[in-house]
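# Fold and contact review
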Amino acid sequence: GMSIKRKRENEEVDDEELDTGERFRGFIHDRIGDKMFVTCDGVPPEFADRPPKITKKSQAPAGLDVGSWITFNLLDEWPGENWGSLLAVDIEETEPDPDEALSSAVALEAAGFTATGEGMMRPRAKAARVE
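These numbers come from a predicted model, not from an experiment.

## Considering the packing of aromatic side chains
Considering all chains together, one arrives at 2 aromatic pairs under this definition. When the ring of Phe24 is compared with that of Phe72, the centres are 5.9 Å apart and the planes differ by 25 degrees; the resulting orientation is stacked. Linking Phe24 in strand β1 (residues 24-32) with Phe72 in strand β4 (residues 69-75), this pair joins segments that are 48 residues apart in sequence. Overall, the relative accessible area of 5% leaves Phe24 in the buried class. Residue classification places Phe72 among the buried positions, given a relative accessible area of 0%. For the ring pair Phe27 and Trp69, a centre distance of 5.2 Å and an interplane angle of 45 degrees mean the geometry is tilted.

## Focus: the confidence of the model for the protein chain
Summary statistics for the protein chain give a mean pLDDT of 78 and a share of 69% for residues scoring 70 or more. Every residue in residues 7-17 scores below 50 in pLDDT, and together they form 12 contacts with partners more than four places removed in sequence or on other chains. When the criterion is pLDDT under 50, residues 117-121 qualifies, and its contacts beyond four places in sequence or with other chains add up to 13 contacts.

## Considerations on the pattern of salt bridges
Oppositely charged side chains can form a pair if their charged atoms are brought close together. Under the counting rule described, the total for this entry stands at 3 salt bridges. Here Asp65 and Arg31 are joined by a salt bridge, their closest N and O atoms 3.5 Å apart. A residue pair is termed long-range when its members are at least 10 positions apart, and Asp65 in the loop between β3 (53-54) and β4 and Arg31 in strand β1 qualify at 34 residues. Across the salt bridge formed by Lys56 and Asp34, the nearest N and O atoms sit 2.7 Å from each other. Of this pair, Lys56 sits in the loop between β3 and β4 while Asp34 sits in the loop between β1 and β2 (35-39), and the two are 22 residues apart along the sequence.

## So, the nonpolar core
Core analysis: the biggest nonpolar cluster contains 20 residues, and Ile28, Val38, Ile54, Leu64, Ile70, Phe72 and Ile91 have the highest contact counts within it. At the level of secondary structure, the elements contributing two or more residues to this core comprise β1, β2, β4 and β5 (87-94). In terms of residue count, β4 provides more of this core than any other element does, 4 residues in total.

## As for the side chain of Lys53
Relative to the helices and strands, Lys53 resides in strand β3. With residues near it in sequence (within four places) discarded, Lys53 still touches Lys35, Met36, Phe37, Ser58, Glu77, Ser85, Leu86, Leu87 and Ala88.

Rules used in this analysis
Residues numbered from 1 in each chain as written. Predicted model: local features only at pLDDT ≥ 70, side-chain atom pairs only at ≥ 80, totals over all residues. Heavy atoms only, no water. Phe/Tyr/Trp six-rings, centres within 6.5 Å; stacked < 30°, edge-to-face > 60°. Helix = DSSP H or I, 4+ residues; strand = E, 2+ residues; numbered from the N terminus. Buried < 20%, exposed > 50% of the residue type's maximum accessible area, 1.4 Å probe, protein only. pLDDT = per-residue confidence, 0-100. Contact = heavy atoms within 4.5 Å. Salt bridge = Lys/Arg side-chain N within 4 Å of Asp/Glu carboxyl O. Core = buried A, V, L, I, M, F, W, Y, C linked by side-chain atoms within 4.5 Å.

As structure tokens, this is what we get:
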């Protein structure tokens, strides 16, 4: 996967703990129905194949979409179970730095999203005709 550098608001945290109060940072890379999924390098390795999700329970701010950068906390809805994604909570939209903006744009372009207007990502429209 791509390396996305994680900003730390508090340098004295223990990376082993989910509940240190450290906020995670990442971008929304997919939307399926009413769920959105977040790419975040700070997620513990055992959750690497289960990206954090945003659902109604997250009570996310309005206006988030694929390509949005956010900071958030993680809630394990099923502690001790080996299934289910972590739930992103306490979400705040944030501005990516240039490196982050580039990394998310590259990842989303590879996934078939294309930038439009305000840096938001939309699924690439099927071309009606070949030029």
